[in-house]
Structure formats: structure tokens, C-alpha cells
Amino acid sequence: MKVALVGIGKIALDQHVPAIAASPDWDLAATVSRNGAVAGVESFQDFATFLAARPEIGVVSLCLPPLPRFDYAEAALKAGRHVMLEKPPGATLAEVHALQTLAAERGLTLYATWHSRMAHAVAPAKAWLADKTVTSAHITWREDVRKWHPGQDWVFKAGGMGVFDPGINALSILTEILPAPLHLTKAHLEFPANCETPIAAQLTFSGQVSADFDWRQTGPQTWDITVDTPQGKLDLRMGGNVLEIDGTARAGQNTIMGEYPALYARMAELVKARHSDVDLAPMVHVADAMTLGLRRQTDPFHF
Ligand code: NAP
């Protein structure tokens, strides 16, 4: 199947282009980006021009930041294209609901991807927890924003989500593996004096579940989730890629290279079946944190 990649920036080049190139299902037939391009692939700078020029490309994969993404997704669905969304699926919940309605009305696939759910150890962790009672859980997601979003001003502008841009990856794993739903009860958010989005957040959920997100960690990076049960302690390390039970490695490998190939394999299944896959649970918790959270101002941030 032919796919067009839209928004040729960091994640498109790091992960989408290699995943499509390695896929038996997909042919990268065009790109749309104001400045970016992929060598050897026809490129467009304007989305409307692309939609009119290449009607036989039935699928578009949108790698833009969340704020500008809705207009592209809406235009693609109205033009009869199936749509794959980078995470987070939108800037607001309501706009994603609007896309769901549009896709359903037209019999098109809408796939809101969560790449971290495809990490090696997430499915084994979910299977291990399925018959357990969770007594508490904690997320520690601390990384260096300068390393992962070099110079990307949009992450600190309203709609860019700030530290929830990586934090929502942790929440996508947690909401996938826990056997019961949870809801936010308390949040503390730290906003740099010169930024519109938080650089750190501490969250408390129902059921003794908590999370610590911080974008100021230099040196070793931490993407860990610990879940306590009467039957033992589960640790998911390295962003869901390594599973330990009571300190003993059980599954996974320390690499993220499988996540995007798995997303494109899933998109191929969905398009063939004319199904959609849109789970907004991780984004609901982020929206709740922005609604409920106590806000504290902290030091200005500069890249
Ligand atoms: P990025 O490099 O800053 O942006 C991707 C491209 O989108 C840009 O190169 C730009 O291309 C286009 N773009 C930016 N703002 C736009 C606007 N206002 N209107 C139209 N096009 C615009 O961002 P990214 O890091 O790839 O992240 C994109 C998405 O992927 C985000 O939702 C992010 O959460 C997700 N993601 C990122 C990473 C990561 O490691 N960075 C990992 C996983 C997921 P042109 O200038 O050529 O139009």
C-alpha cells in the first residue's frame, strides 16, 4: 500500500522512514513538508496540492507536532484517505473525537498510535498483571529535553504539552498494562517562568498510583514503571523494553527499534479490515492534570 508521510522532522526521519522502508506492507510514495524531504521520494510542500495530485495514495501518516495536526487529519479524511496519527493524537480531546466521527462516517481508518505500547516488554507485562491485584504503582520518567527535543520551541508553547509529551508515553504503557482503570486525584505542575507548558509534573492517581515526570535530567535517563502486587513486584525499565519480576529479568531487550515497525504492521491490519484504533485514555489523564494541577513557577528554561 502507498503511504505519504507528512511533517518531515525528527521522528519522521529517525523512525518512520526506516520503519516504512523495512516494511513488506508499505511503499513511501510521497512526502509533504514545508522544508523537509526524503531522498528519492516525490515531495510536496502543500497538503492540498498533494491531495489533489496523488489521489491513488490512500494512506497518510501525520508526523507533525500535535497543534497543527488536526487540520491535516481533517483534510485527509475529507479527501477519503486513511489516517495514522503520531502521539499525542491531538492538541485537544474534542478534536480527536471529531476525527473519529469523520472517519466512522466515511468508513475510513483512523489510528491514534502509541509507540511506547509497542515496546518489547509491554505485552508480557500486561499478561503477567492480568490476574494480579495491583496494590501500588509508580512511574519515574525523567529525561533531558535538550537531548530529545533539540531546539523544538513548540514543546514549550501552549498545546505542545511540555513534559507530558514524553510523560504521555508512560501513561500509554500504564493504561495498557494495568488490569483496572484509574483516575487522577492530585497533580503538581512546574512551569518555567518563560514557558507556556510544564517542565515537570508529579501526579497522584486512585489506587496508590503515582508518577514523576521531569525534563531536566541530564546524564543517565530514567523511563521506569514499578507495579507492586501481593504476588510480586514488576519493573518495566527502559521505556517498556525490559521486564523484571522481583528483580529477575523476564522479557524484552534494550532497544526501541521494534516500536515503529509494529505500528506500521498494525496500520496495515487496520486498513485492510477498515477498522479504527483510537484509545484516548493516556490523553485524558494529561488533560485532567492540566485541569486539576496546582501550578508553581520555576526557573526560566532556554535550549
Ligand atoms: P519536529 O521535528 O519539531 O516536527 C516535525 C515536522 O513537522 C517539522 O520538521 C516541520 O516540518 C513540521 N511542522 C512543525 N510545525 C509545523 C506547523 N506549525 N505547521 C506545519 N508543519 C509543521 O517534531 P518531532 O520531534 O518529529 O515530533 C513530531 C511528533 O512526533 C510529536 O507529536 C511528538 O510527540 C512525536 N514524537 C516525537 C519523538 C521524538 O523523539 N522527537 C518521539 C516519538 C514521537 P516542515 O518545516 O518541513 O513543514
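To keep things clear, this report deals only with the structure shown in the data block. (Residues numbered from 1 in each chain as written. Predicted model: local features only at pLDDT ≥ 70, side-chain atom pairs only at ≥ 80, totals over all residues. Heavy atoms only, no water.)

## Concerning unusual backbone geometry
Okay, step 1: Between K87 and P88 the backbone carries a cis peptide bond, its omega angle lying at -15°.
Okay, step 2: With respect to the element layout, P88 can be found in the loop between strand 5 (82–85) and helix 4 (93–106).
Okay, step 3: The backbone of M161 sits at a positive phi, close to 75°, despite the residue not being glycine.
Okay, step 4: If you trace the backbone, M161 turns up in the loop between helix 6 (145–148) and helix 7 (164–177). (Helix = DSSP H or I, 4+ residues; strand = E, 2+ residues; numbered from the N terminus.)

## Some remarks on the sheet that holds strand 8 (residues 184–192)
Okay, step 1: Overall, mixed pairing links the nine strands, which are arranged 14-13-12-11-7-10-9-8-15 in an open sheet. Single-partner strands in this sheet number two, and they are strand 14 (248–252) and strand 15 (294–298). Strand-to-strand twist of the sheet, defined as the mean angle between neighbouring strand axes without regard to direction, takes the value 15°.
Okay, step 2: Alignment of strand 7 (residues 136–142) against strand 10 (residues 209–214), held across six bridges, turns out to be parallel. Within strand 10, the residue paired with I139 across the bridge is A211.
Okay, step 3: Of the strands in this sheet, strand 7, strand 8, strand 9 (200–205), strand 10, strand 11 (222–229) and strand 12 (232–237) are in contact with helix 7, which crosses strand 7 at around 155°. (Pairing = 2+ DSSP bridges. Axes fitted to C-alpha atoms, helices over the stretch in contact; angles between N-to-C directions. Contact = heavy atoms within 4.5 Å.)

## Concerning the environment of P282
Okay, step 1: Assignment of secondary structure puts P282 in helix 9 (residues 281–292).
Okay, step 2: Between the C-alpha atom of P282 and that of A201, which follows or precedes it by 81 residues, the distance is 15 Å.
Okay, step 3: Those residues in contact with P282 that lie beyond four places of it in its chain are W114, R117, I168, L171, S172 and T175.

## Some thoughts on the site of the ligand
Okay, step 1: Around the ligand lies a shell of 26 residues, among which S33, R34, N35, K87 and D165 are the nearest.
Okay, step 2: K87 is positioned such that a nitrogen or oxygen atom in its backbone is 2.8 Å from an oxygen atom of the ligand.
Okay, step 3: Side-chain polar atom of W154 to an oxygen atom of the ligand: 2.8 Å apart, as the coordinates give it.
Okay, step 4: Calculation on the ligand without its partners gives an accessible area of 880 Å², and the protein chains cover 83% of this total.
Okay, step 5: In a pocket analysis with a 2 Å cut-off to the grid points, the ligand is assigned to the largest pocket.
Okay, step 6: Looking at the shell around the ligand, the elements with two or more residues in it are helix 1 (10–21) and helix 3 (66–78).
Okay, step 7: No other element matches helix 3, which puts four residues into the shell around the ligand. (Near = heavy atom within 4 Å. Polar contact = N/O pair within 3.5 Å; in protein donor to acceptor, adjacent residues only side chain to side chain. Areas by Shrake-Rupley, 256 points an atom, 1.4 Å probe, with all protein chains shown as cover. 1 Å grid on protein atoms, 1.4 Å probe; cavity = no way out; pocket = protein on both sides within 12 Å on 5 of 7 lines; lining within 4 Å. Sits in = over half its atoms within 2 Å of the grid points.)

## Quick look at the environment of V134
Okay, step 1: Inspection of the secondary structure assignment puts V134 in the loop between helix 5 (122–129) and strand 7.
Okay, step 2: Between the C-alpha atom of V134 and that of C195, which follows or precedes it by 61 residues, the distance is 37 Å.
Okay, step 3: Not counting residues up to four positions away in its chain, the partners in contact with V134 are L129, L178, P179, V227, D228 and T229.

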